[in-house]
Amino acid sequence: MRILAIDTSTMISTITICEDGEIIGDFNVNQQKTHSESLVPMIESLLKLLGIKIDDIDLYVIAKGPGSFTGLRIGMTVIKTLAQVHNKPVVSVSTLKALALNVFSEKYTISLIDARGKRVYAAMYEGNDKKVVIKEDLYNIEDFSKLVNEYQGEKILVGLVANKYKDLFNNSTVSGFNYDNCIGRSLIRLSENEKKHDNLFDIVPEYMRKSQAERDLKK
């Protein structure tokens, strides 16, 4: 069983390949190019290095968001195209939950993704299986920290903006920077827990808010 996972929800393009429960390839690049320029060449390069053909992939996994609107659209389009052309199943996974799974701890885990303007995509999970305690949503950071601070247990913050907002959270520590992104391995692990595959034509990015163009149109 070969699984290929993609994450394009931030500036980092991530491609991870798993074979029979073992990670055999992991490619993460943080660059100024758009995902549309780098993603397909990255997939081709990793497959070539591993001596695997695209037809050898049995399952595709995609981070469905929240995150960058453009990045999510590009990643979703590439995955759905590959899955349709090669007639393979797809599983979509929450970016926030995959980020939380980077942290192996029984403590509360808080995933944070910058949404700009003192807003974050965020959620809080409990235990190693990452049971949802505070739902995934778009929050004002101060409102979210007040919700989190109602819980008395120890907390671990994970995400690129964790250090920026750490002082707002009581009884909390910040995970190491090596846990803040590159979630391909976690995507694969979460996909193994899914009891069924997604309908290819029903999969859509989880934006959690309207795009800037939609907000401008409303104004």
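Residues numbered from 1 in each chain as written. Predicted model: local features only at pLDDT ≥ 70, side-chain atom pairs only at ≥ 80, totals over all residues. Heavy atoms only, no water.

Q: Quick question: what am I supposed to make of the packing of helix α1 (residues 35-50) against helix α2 (residues 69-86) here?
A: Packed helices, taken two at a time, are described by their axes: the angle between them and the distance between them. Interaxial distance between α1 and α2 falls to 10 Å at its minimum, and their mutual angle equals 35°. The element α1 and its partner α2 pack so that their crossing is right-handed. Facing α1, whose interface residues are His35, Ser36, Leu39, Val40 and Ile43, α2 presents Gly71, Ile74, Gly75, Val78 and Leu82. For the contact of α1 with α2, the per-class residue count stands at 6 nonpolar, 4 polar and no charged. (Axes fitted to C-alpha atoms, helices over the stretch in contact; angles between N-to-C directions. Helix = DSSP H or I, 4+ residues; strand = E, 2+ residues; numbered from the N terminus. Left-handed = near helix turned anticlockwise from the far one by under 90°. Contact = heavy atoms within 4.5 Å. Nonpolar A, V, L, I, M, F, W, Y, C, P; charged D, E, K, R; others polar.)

Q: What's the story with the sheet that holds strand β6 (residues 108-116) in this structure? I'm lost.
A: Each strand in a sheet pairs with another by means of backbone hydrogen bonds, the pair being arranged parallel or else antiparallel. Overall, mixed pairing links the 5 strands, which are arranged β8-β7-β6-β9-β10 in an open sheet. Edge strands, defined here as strands with exactly one partner in the open sheet, are β8 (131-140) and β10 (172-174). Ignoring strand direction, the axes of neighbouring strands in this sheet form an average angle of 20°. Across 4 bridges, β6 lies against strand β9 (residues 155-158) in parallel orientation. Note on β9: the bridge partner recorded for Ser111 is Val158. Running over the sheet, helix α4 (residues 141-148) touches β6, β7 (119-126), β8 and β9 and is turned about 160° from β8. (Pairing = 2+ DSSP bridges.)

Q: Could you clarify how one ought to interpret the confidence of the model for the protein chain in this entry?
A: Detailed conclusions should not be drawn from predicted coordinates in areas where pLDDT is low. Counting all residues, the mean pLDDT for the protein chain is 92, and 95% of those residues have values of 70 or more. Overall, residues 211-217 carries pLDDT values under 50, and its contacts beyond four positions in sequence, including any with other chains, amount to 3 contacts. (pLDDT = per-residue confidence, 0-100.)

Q: Where do I start with the environment of Val158 in this structure?
A: If you trace the backbone, Val158 turns up in strand β9. Sequence separation of Val158 and Thr173 is 15 residues, and the distance between their C-alpha atoms is 9.1 Å. With residues near it in sequence (within four places) discarded, Val158 still touches Leu99, Ala100, Val103, Thr109, Ile110, Ser111, Leu112, Ser175, Tyr179 and Asp180.

Q: Mind showing me how you'd approach the sheet that holds strand β1 (residues 2-7) here?
A: Overall, mixed pairing links the 5 strands, which are arranged β3-β2-β1-β4-β5 in an open sheet. Of all the strands in the sheet, the pair left with one neighbour each is β3 (22-30) and β5 (90-94). Strand after strand, the sheet turns through a mean of 15° between neighbouring axes, direction not considered. Judged from the 6 bridges that link them, β1 and strand β2 (residues 12-19) form a sheet pairing that is antiparallel. What sits directly across from Arg2, in β2, is Glu19. Along the sheet face, α2 touches β1, β4 (59-65) and β5 and points at about 160° away from the line of β4. Against the sheet, helix α6 (residues 184-192) makes contact with β1, β2, β3, β4 and β5, and its axis sits at roughly 125° relative to β1, the strand it touches most.

Q: Help me understand the pairing of β2, please; the structure alone is not making it clear to me.
A: For a regular strand, side chains alternate in direction, first toward one face of the sheet and then toward the other. Counting buried residues in β2 gives 7 out of 8 residues, a clear majority hidden from the surface. Taking the residues between adjacent antiparallel strands as the criterion, β1 and β2 are bridged by 4 residues. Here β2 runs beside β3; their pairing, made up of 8 bridges, is antiparallel. The residue bridging Cys18 from the neighbouring strand is Ile23, located in β3. Hairpin connection of β2 to β3: 2 residues between the antiparallel strands, including Asp20 at a positive phi of 50°. (Buried < 20%, exposed > 50% of the residue type's maximum accessible area, 1.4 Å probe, protein only.)

Q: Is there a simple way to think about the packing of aromatic side chains in this case?
A: By convention here, two paired aromatic rings are described through the distance between centres and the angle between planes. A full pass over the atoms with the stated rule returns 4 aromatic pairs. Taking the centre distance of 4.4 Å and the plane angle of 20° together, the rings of Phe69 and Tyr207 count as stacked. With a gap of 138 residues between them, Phe69 in helix α2 and Tyr207 in the loop between α6 and α7 (212-218) connect regions that are remote in the sequence. An angle of 40° between the planes, with centres 4.8 Å apart, marks the rings of Tyr139 and Phe144 as tilted. When sorted by exposure, Tyr139 lands in the same class as Phe144, which is buried. Each residue in the set Tyr139, Phe144 and Phe169 is aromatic and connected to the rest through ring pairs, giving one cluster. (Phe/Tyr/Trp six-rings, centres within 6.5 Å; stacked < 30°, edge-to-face > 60°.)

Q: I tried to follow the state of the cysteines on my own but got confused; where do I start?
A: Disulfide: a covalent bond formed between the sulfur atoms of two cysteine residues. Under the criterion given, the structure shown has 0 disulfides. Cys182 supplies the cysteine sulfur nearest to Cys18, a cysteine that is in no disulfide, at a spacing of 17 Å. (Disulfide = S-S within 2.5 Å.)

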